[in-house]
Amino acid sequence: MSFPQKNQAIHCDVVSCQHHAKDGMCELDSIKVAPRCDCHTGTCDESECASYHSK
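Throughout, a residue's number is its position along its own chain's written sequence, starting from 1. A pLDDT threshold of at least 70 governs which residues receive local features in this predicted model, and a stricter bar of 80 or more applies before side-chain atom pairs are shown or counted, although totals over entire chains, interfaces and linings include all residues. By convention in this description, side-chain values take in all heavy atoms of the structure and omit both hydrogens and water.

1. Considering the overall build of the protein chain
Then step 1. Regarding its fold elements, the protein chain presents zero helices and two strands.
Then step 2. Each residue's exposure class comes from its accessible area (1.4 Å probe, protein chains only) as a fraction of the maximum for that residue type: buried when under 20%, exposed when over 50%, partly exposed otherwise. Looking at the protein chain residue by residue over its 55 residues, the buried ones come to 20%.
Then step 3. Only heavy atoms matter for contacts: two residues are in contact if any of them lie within 4.5 Å across the pair. Counted over contacts in the protein chain with a minimum sequence separation of 6, partners at least 24 positions apart contribute 28%.
Then step 4. Shrake-Rupley sampling with a 1.4 Å probe provides the accessible areas, and residues are treated as covered by the protein chains on show and by no other component. Total accessible area on the protein chain stands at roughly 4700 Å², and carbon and sulfur atoms take up 51% of it. Helix and strand definitions here come from DSSP, where helices need a minimum of 4 consecutive H or I residues and strands a minimum of 2 consecutive E residues; each element is numbered from the N-terminal end.

2. Some words on the side chain of Ser51
Then step 1. Within the fold, Ser51 resides in the segment after β2 (47–49).
Then step 2. Within 3.5 Å is the distance limit for a polar contact, defined as a pair of N or O atoms, with the added protein rule that one can donate a hydrogen and the other accept it, and that residues adjacent in sequence qualify only through two side-chain atoms. Polar side-chain contacts of Ser51 include one of 2.8 Å to the backbone nitrogen of Lys32.
Then step 3. Once residues within four sequence positions are removed from consideration, Ser51 is found in contact with His19, Leu28, Ser30, Ile31 and Lys32.

3. Examining the environment of His53
Then step 1. Residue position: His53 is located in the segment after β2.
Then step 2. Beyond its immediate stretch of four places on either side in the chain, His53 contacts Ser16, Cys17, Gln18 and His19.
Then step 3. At 3.3 Å, the side chain of His53 forms a polar contact with the side chain of His19.

4. A word on the environment of Glu27
Then step 1. By the secondary structure assignment, Glu27 is in the segment before β1 (33–35).
Then step 2. Taking the C-alpha atoms as reference points, Glu27 and Ile10, 17 residues apart in sequence, are found 8.0 Å from one another.
Then step 3. Once residues lying within four places of it in the same chain are set aside, the contact partners of Glu27 are Gln18, His19 and Ala21.

5. Quick notes on the state of the cysteines
Then step 1. Criterion for a disulfide: a pair of cysteine sulfur atoms within 2.5 Å. Across all of its chains, the model carries zero disulfides by this definition.
Then step 2. Cys17 provides the cysteine sulfur closest to Cys12, a residue in no disulfide bond, and the two sulfurs are 6.0 Å apart.
Then step 3. The thiol sulfur of Cys49 is not disulfide-bonded, and the nearest other cysteine sulfur, from Cys17, lies at 6.2 Å.
Then step 4. The partly exposed category is assigned to Cys49, whose relative accessible area is 38%.

6. Thoughts on the side chain of His20
Then step 1. Within the fold, His20 resides in the segment before β1.
Then step 2. Among the residues examined, His20 registers a relative accessible area of 14% and is labelled buried.
Then step 3. When residues no more than four places from it in sequence are discounted, the contact partners of His20 are Cys12, Asp13, Val14, Val15 and Met25.

Now the structure itself:
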């Protein structure tokens, strides 16, 4: 899924992911963000990148 008319950028510091590029960018056109199981804290750790795949 590509967004040619939008300036989308996905920055990522998770170097253990196979989609992580050396310039700190995610190589995917889009990512899926999903809630973590049984986590309703209202803080940033309530969600995670569901597109993560280990190298």
